[in-house]
Each structure stands twice: as structure tokens, then as C-alpha cells.
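Okay, here's what each chain looks like letter by letter:
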Amino acid sequence: MNDLLLLSSSNVQQSFATYLLAQRKASKLSRSALAQRSTVPESTIKKFETTGQISLRQFLLLWQSLDDLARLQQLTKPASSLPSLPKSIDEVLAQ
């Protein structure tokens, strides 16, 4: 039986923030060094790492500085191998 996973936009934002924080630490970069590399202000990086709140442009600048933008762009491609999501409550209950 497939578990139904309910995510909010806040959950996803915080997951991205946690991931990029881990990437920053793995790269041994301070917030200050990442700010210089990405052009995102250090205070914005701190806010993002603690709250998940950031503009899309600044998020992309951070991602580009810590990971490969091509990986992120892959999320825009059709996910043909994924099962389709239920379209009704009956489909959810049938799982």
C-alpha cells in the first residue's frame, strides 16, 4: 500500500533550506563566503536557513553556488515514470 504523503509549501521550503545549509557546511563555507560567491546578502542567507523564506531569484543564486542548476531544472521535466496521483477521495481510500 502506498503511503499518502501530504506536503505543504512550507515543508518543501524548509527542506530546500536544510539541504542548502548542509551543502554550505559540506563545502566549508561561512555565510559571509557564500554571500560573496552568490551575491545574496548574508542576512538573507541566515533568514533562509532558519525560516525557508527567500525570493526565487536569490534561491537560484544560492543553488547555483552550492549545487548544479541542471539538477534543479530537471524538476521541470515530465515525470513519466512516477505513478499518477489520485484524482478523488475514492481513489485515495482504495489504496
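Everything that follows concerns the structure shown earlier in this document.
Chains are numbered independently. Their residues run from 1 in the order of the written sequence. Local features in this predicted model are restricted to residues whose pLDDT is 70 or higher, and side-chain atom pairs enter the listing and the counts only when it is 80 or higher, whereas totals over whole chains, interfaces and linings include all residues. As a rule here, side-chain values come from all non-hydrogen atoms in the structure, and water together with hydrogens is ignored.

Each helix corresponds to a stretch of at least 4 residues labelled H or I by DSSP, and each strand to a stretch of at least 2 residues labelled E; elements are numbered beginning at the N terminus. Position of Gln-73 relative to the elements: it lies in helix α5 (residues 69-73). Each residue gets one of three labels from its accessible area relative to the maximum for its type: buried under 20%, exposed over 50%, partly exposed in between, using a 1.4 Å probe on protein chains only. For Gln-73, a relative accessible area of 49% puts it in the partly exposed group. Each C-alpha atom of the pair Gln-73 and Phe-16 lies 14 Å from the other, and the pair is 57 residues apart in sequence.

Okay, helix α4 (residues 56-66) next. Those residues of α4 that fall on the buried side of the exposure criterion are Gln-58, Phe-59, Leu-61, Leu-62, Trp-63, Ser-65 and Leu-66. The contact criterion used throughout is that any non-hydrogen atoms of two residues lie within 4.5 Å. Looking at the buried side of α4, the elements it contacts are α1 (9-26), α2 (31-38), α3 (42-51) and α5.

In this analysis, rings of Phe, Tyr and Trp, with Trp reduced to its six-membered ring, are considered paired at centre separations within 6.5 Å, and the interplanar angle assigns stacked below 30 degrees, edge-to-face beyond 60, and tilted for intermediate values. Here the structure, examined in full by the defined rule, presents five aromatic pairs. With 6.0 Å between their ring centres and 70° between their planes, Phe-48 and Phe-59 make a pair best called edge-to-face. A residue pair is termed long-range when its members are at least 10 positions apart, and Phe-48 in helix α3 and Phe-59 in helix α4 qualify at 11 residues. Residue class for Phe-48 comes out buried when judged on its relative accessible area of 2%. Through a chain of ring-to-ring contacts, three or more aromatic side chains come together here, namely Phe-16, Tyr-19, Phe-48, Phe-59 and Trp-63.

Before going further, it helps to spend a moment on the nonpolar core. Leu-20, Leu-34, Ile-45, Phe-48, Phe-59 and Leu-62 are the most contacted members of the largest nonpolar core, which totals 14 residues. At the level of elements, α1, α2, α3 and α4 are the ones that each hand at least two residues to this core. Setting aside residues up to four positions removed in sequence, Leu-62 forms contacts with Leu-20, Leu-34, Ser-38, Val-40, Ile-45, Phe-48 and Ile-54. Within this scheme, the nonpolar core is defined by two criteria: the residues are buried Ala, Val, Leu, Ile, Met, Phe, Trp, Tyr or Cys, and they are joined through side-chain atoms within 4.5 Å.

Nothing here speaks to function; it is all geometry.
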